[in-house]
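Reading the structure
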Amino acid sequence: FFLMIRRPPRSTQSRSSAASDVYKRQGNEEWKVQTISRDDTPILKSRDKKIDYSVDSKRHWEFQKTLISHLDGVRDIYFIPNQLIMASVSEDCLVKLWDLNKLLISEENEPYFTLRDHTGPLFSVTGFQSKDEPYLYTAGAEGLIKVWRIPLPGELDPQGDEADLSFSLNSVEAHEEVIWEIEHNQYENLLLSSSSDATIKLWGTDNDSEDPKIKQIKTFGLSVGQNQNDIP
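Residues numbered from 1 in each chain as written. Predicted model: local features only at pLDDT ≥ 70, side-chain atom pairs only at ≥ 80, totals over all residues. Heavy atoms only, no water.

With respect to the nonpolar core
- With 17 residues, the main nonpolar core has Ile 80, Val 95, Leu 97, Tyr 112, Phe 113, Leu 115 and Leu 136 as its most contacted residues.
- Taken together, the elements giving at least two residues each to this core come down to strand 5 (85-90), strand 6 (95-99), strand 7 (113-115) and strand 8 (122-130).
- With 3 residues, strand 5 is the largest single contributor of residues to this core.
- Those residues in contact with Tyr 112 that lie beyond four places of it in its chain are Ile 85, Leu 97, Trp 98, Asp 99, Ile 150, Pro 151, Leu 152, Pro 153 and Leu 156.
- Membership of the second largest hydrophobic core comes to 13 residues, among which are Phe 128, Tyr 137, Ala 174 and Trp 203. (Core = buried A, V, L, I, M, F, W, Y, C linked by side-chain atoms within 4.5 Å. Buried < 20%, exposed > 50% of the residue type's maximum accessible area, 1.4 Å probe, protein only. Helix = DSSP H or I, 4+ residues; strand = E, 2+ residues; numbered from the N terminus. Contact = heavy atoms within 4.5 Å.)

What about the sheet that holds strand 13 (residues 190-195)?
- Read across the sheet, 4 strands follow the order 12-13-14-15 without closing on themselves; strand pairing throughout is antiparallel. Strands at the two margins of the open sheet, each flanked by one partner only, are strand 12 (179-185) and strand 15 (214-221). Strand-to-strand, the axes of this sheet are offset by a mean angle of 20°, without reference to chain direction.
- Here strand 14 (residues 199-205) pairs with strand 15 via 7 bridges, running antiparallel. Bridge pairing in strand 15 links Thr 205 to Ile 214. (Pairing = 2+ DSSP bridges. Axes fitted to C-alpha atoms, helices over the stretch in contact; angles between N-to-C directions.)

Description of the confidence of the model for the protein chain
- Confidence in the prediction of the protein chain, expressed as mean pLDDT, is 75, and 66% of residues score 70 or more.
- Low confidence marks residues 1-30, where pLDDT is under 50. Its contacts with residues over four positions away, or in another chain, come to 60 contacts.
- Counting contacts from residues 34-49, a segment whose pLDDT is below 50, to residues more than four positions away or on other chains yields 54 contacts. (pLDDT = per-residue confidence, 0-100.)

Quick notes on the side chain of Asp 92
- Mapped onto the elements, Asp 92 comes out in the loop between strand 5 and strand 6.
- One buried charged side chain, Asp 92, makes no salt bridge at all; its nearest oppositely charged neighbour is Lys 96, positioned 5.5 Å away.
- Of the polar contacts made by the side chain of Asp 92, one reaches the backbone nitrogen of Leu 71; its length is 2.9 Å.
- Of the polar contacts made by the side chain of Asp 92, one reaches the backbone nitrogen of Leu 94; its length is 3.0 Å. (Lys, Arg positive; Asp, Glu negative; His and termini not counted. Salt bridge = Lys/Arg side-chain N within 4 Å of Asp/Glu carboxyl O. Polar contact = N/O pair within 3.5 Å; in protein donor to acceptor, adjacent residues only side chain to side chain.)

Brief notes about the environment of His 118
- The topology assignment puts His 118 in the loop between strand 7 and strand 8.
- Along the primary structure His 118 and Leu 144 are separated by 26 residues, whereas in three dimensions their C-alpha atoms are 8.8 Å apart.
- With near-sequence residues (within four places) excluded, His 118 lies in contact with Cys 93, Thr 138, Glu 142, Lys 146 and Trp 148.
- Among the polar contacts made by the side chain of His 118, one reaches the side chain of Thr 138 at a distance of 2.7 Å.
- Here Glu 142 takes part through its side chain, which lies 2.4 Å from a polar atom of the side chain of His 118.

Here it is, written out as structure tokens:
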């Protein structure tokens, strides 16, 4: 099965439609977690709570849960490789980490941890897996790209004070204006960033280090001293 976050379509769904509940949304801070299944077999077994991977010719969407935690519009999400963990970024400057394994078998709908270090709205998140350690890259209005080590649910003290914890490893002043998108190629150790400053930048990433850093390789777009109005 696949877990997906779907924005509601532009067209209004009929309330009589079987899919109407999937697309209804109350505000920017709410989004739907859904699963794709191919028959009417429940995604979660009621007894052992294990995931059922049964496949049939019939395909439909099955609504699972609404996650509510961000204080402003959710801009991007990223599924952690080899983990049932999802990261979300928002215009509230926060990165939320979600334990999907726990969310799908309980009534809980809150993130298990919040990463706090950005001071501006966030628009993009990506990441990679290195030596069984998951990492994130985040970017947004500050023009910075930040690198994070992701804490796993088992290493956090439920009774502890998360305000004293910091998992931000380093950051790079990547662009002069807003960064709208970052994409990472884990196999080639490359990262792309696109910005309102009319440039796309290619970065090399050090995925094998315990303190991953990024180094600029090339800039595509306006040359130094060139005005955007000069581009035909």
